[in-house]
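# Structure at a glance
Here is what each chain is made of, one letter per residue.
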Amino acid sequence: MLIMLIKRREVNKGIAFVKKSMKKRFFKVFAGVMMGVVLLSACGTQQEKSGGEGETYPSKPVNVIVAYKAGGGTDVGARILVSEAQKSFSQPFVIVNKPGADGEIGYTELLKSEPDGYTIGFINLPTFVSIPLQRKTNFQKEDAQAIMNHVYDPGVLVVRADSKWASLEDFVEYAKQNPDTLTISNNGTGASNHIGAAHFAYEAGIKVTHVPFGGSTDMIAALRGSHVDATVAKISEVASLVKNKELRILGSFTEERLEGFEEIPTLKEKGYHVLFGSARALVAPKGTPEEVIQYLHDTFKAALESPENIEKSKNANLPLKYMSGEELTDYINEQDQYMKEMVPKLGI
């Protein structure tokens, strides 16, 4: 009996020891797990602060400024591209049209915004660099941080389909015999189409009257309403009207004849060495963080290359042309140099 009592006590001690050991092991394992959770949480918090995986940007809607009226070439291209980019962007893009003063109003608001990635916008070259060269503005090209280019829209000289000028030769001959009589509408004094028209007149040795409007929509409406004799526009802005036999292209400001309009001669092959078009690009205010610029670039480049964007752009007669941020910066500087050399000769 005594022996059994002793053995029972020894068994109980053994059980107590095992329980105590298991309890210590449990707390060690639990402590290790909790420490891991804390470390992972800390890493996640640090990652969020540094903008990892896009958790910090974007956290609210992004305004996209278009410095021209809705329905113009810049606006149409912007809306097509933005709609595709929206599919992979976690916050809404909000397009804001800010027309006026040949684009100056929109460009000023864009470049004077906070450089935080929540205001970006489209610029139209060469207008973006020509305006500050012609008058005092509240922005300079250096105020922009390039994201990427998405379109290069070639220029064309256009008249009504029922006009008396059936060819470029007819148009030039009439202008030489009637100085300052022909009226050519444009999208604003010193804007891209004005520069293209003035450069053509300079090379052709003719004198015409340039009639500025607030954007491409109005300048084309003036031609359609017979308020002017001709206009210099981008192919995307008039292609459908040409195909519908309402307007007629007399010549293109390109190296080669335009795809889909192979019957139209280039100004160059007629002896007028004028190459002109409009590059349309995305920029942000200077000082926007590089990681945000890269995020936006990657988002819009993927959208640019998507089959949907390619198809929609083709249907809108928008010739796509990608330039990286670095390439776009170089192109802006080249256009600025061209403007400084050419504009004084054109008397704009």
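Above: the structure in question.
Residues numbered from 1 in each chain as written. Predicted model: local features only at pLDDT ≥ 70, side-chain atom pairs only at ≥ 80, totals over all residues. Heavy atoms only, no water.

### Observations regarding the overall build of the chain
The cut-off we apply is this: The helix count covers DSSP runs of H or I at least four residues long, the strand count covers runs of E at least two residues long, and both are numbered beginning at the N terminus. Only protein chains enter the accessibility calculation, which uses a 1.4 Å probe. A residue is then buried if its area is under 20% of the maximum for its type, exposed if over 50%, and partly exposed in between. Working rule for contacts: check all heavy atoms of both residues, and any pair within 4.5 Å makes them a contact. Accessible areas in this description were obtained via Shrake-Rupley with a 1.4 Å probe; residue shielding takes into account the shown protein chains only.
Each helix and strand in the chain was counted, giving 11 helices and 10 strands. Across the 348 residues that make up the chain, the buried fraction comes to 47%. Partitioning the contacts of the chain with sequence separation of at least 6, the portion at a separation of at least 24 is 78%. As displayed, the chain has an accessible area near 17400 Å², and 55% of this comes from carbon and sulfur atoms.

### A closer look at helix α3 (residues 104-111)
Counting buried residues along α3, six of its eight residues qualify, which places the element largely inside the surrounding structure. Buried residues of α3: E104, G106, Y107, T108, L110 and L111, and no others. Buried residues along α3 sit against β1 (62-66), β3 (119-125), α4 (127-134), β4 (144-160) and β9 (277-285).

### What to know about the side chain of T74
Which entries qualify depends on this criterion: We define a polar contact as two N or O atoms separated by no more than 3.5 Å, with the added condition that, inside protein, one atom must be a possible hydrogen donor and the other a possible acceptor, whereas residues neighbouring each other in sequence contribute only through side-chain atom pairs.
By secondary structure assignment, the location of T74 is in helix α2 (residues 73-85). By relative accessible area, T74 is classed as buried at 7%. Here N124 takes part through its side chain, which lies 3.1 Å from a polar atom of the side chain of T74. Residues within four places of T74 in sequence aside, it is in contact with V66, Y68, F122, N124 and R280.

### Quick look at a negative patch on the surface
Quick reminder of the rule: To count toward a patch, a residue needs a relative accessible area above 30% and no salt bridge. Like charges then connect within 9 Å, nonpolar side chains (Val, Leu, Ile, Met, Phe, Trp, Tyr) within 5 Å. The working definition used for a salt bridge is a side-chain nitrogen of Lys or Arg within 4 Å of a carboxyl oxygen of Asp or Glu. In this tally, Lys and Arg are treated as positive and Asp and Glu as negative; His is ignored, and so are the chain termini. Note that the charge is assigned to NZ on lysines, CZ on arginines, CG on aspartates and CD on glutamates.
Together, E326, E327, D330 and E334 give the surface a local cluster of negative charge. Checked against the element boundaries, E327 lands in helix α11 (residues 325-346).

### Quick look at the packing of aromatic side chains
Applied cut-off: Each Phe, Tyr or Trp ring (for Trp, its six-membered ring) is paired with any other whose centre lies within 6.5 Å, and the angle between the two planes then decides the class: stacked below 30 degrees, edge-to-face above 60, tilted in between. As a reminder, the over-ring test applies to NZ of lysine and CZ of arginine, requiring each to be within 6 Å of the ring centre and within 35 degrees of the ring normal.
A complete count under the given rule lists 15 aromatic pairs for this structure. Seen from their ring centres, Y68 and Y107 are 6.2 Å apart, and the 80° between their planes marks the pair as edge-to-face. Of this pair, Y68 sits in the loop between β1 and α2 while Y107 sits in helix α3; the two residues are 39 residues apart in sequence, bridging distant segments of the chain. For the pair Y68 and Y107, one class covers both residues: buried. By the ring-pair criterion, three or more aromatic residues cluster together here, those being Y57, F89, F93, Y118, Y295 and F300. Looking at K60, its charged tip hangs above the ring of Y118, at a distance of 4.8 Å from the centre. Across the ring face of Y322, the terminal group of K301 is positioned such that the distance to the ring centre comes to 5.0 Å.

### Some words on the environment of K286
Examined against the element boundaries, K286 turns out to sit in the loop between β9 and α9 (290-304). Remark: the alpha-carbon pair of K286 and E114, spanning 172 residues in sequence, is separated by 9.1 Å. Apart from residues lying up to four places away in sequence, K286 is in contact with P115, E142, D143, A144 and Q145.

### Re the environment of D229
By the secondary structure assignment, D229 is in the loop between α7 (216-224) and β7 (230-234). Along the sequence, D229 and L182 sit 47 residues apart, while their C-alpha atoms lie 6.2 Å from each other. The contact partners of D229, leaving out residues within four places of it in the chain, are V159, W165, T181, L182, T183 and L223.

### Examining the nonpolar core
Basically, it comes down to this: For this analysis, a nonpolar core means a set of buried residues of the types Ala, Val, Leu, Ile, Met, Phe, Trp, Tyr and Cys, connected via side-chain atoms within 4.5 Å.
Grouped together as the largest cluster of nonpolar side chains are 27 residues, with contacts concentrated most on Y107, L111, I123, L125, F128, V283 and L328. Secondary structure elements with two or more residues in this core: α3, β3, α4, β4, α6 (192-204), β9 and α11. When residues in this core are grouped by element, the largest group, seven residues, is from α11. Residue contacts for F128: discarding those within four places in its chain leaves Y107, L111, I123, F139, Q140, K141 and A144.

### Quick look at the pairing of strand β6 (residues 209-212)
The following threshold applies: Here the rule is simple: two strands pair whenever DSSP picks up at least two bridges between them. Orient the strands so they point away from the viewer, and a crossover whose first-strand-to-second-strand path over the helix runs clockwise is right-handed.
Both strand β5 (residues 183-186) and β6 contribute to a ladder of four bridges, which runs parallel. Each bridged residue has a counterpart across the sheet, and for T183 the counterpart in β6 is T209. Each parallel crossover has a hand, and the one from β5 via α6 to β6 is right-handed.

### So, the pairing of β9
Along β9, nine of the nine residues are buried, which leaves the element largely enclosed by surrounding structure. Two strands pair when backbone bridges link them, and β3 and β9 are joined in this way by five bridges, in the antiparallel orientation. Following the sheet pairing, L125 is matched in β9 by A279.

### Notes on the side chain of S113
By secondary structure assignment, the location of S113 is in the loop between α3 and β3. Within the structure, the side chain of S113 is placed 2.6 Å from the backbone oxygen of E109, a separation counted as a polar contact. Contacts of S113, omitting those with residues within four sequence positions, involve T119 and P285.

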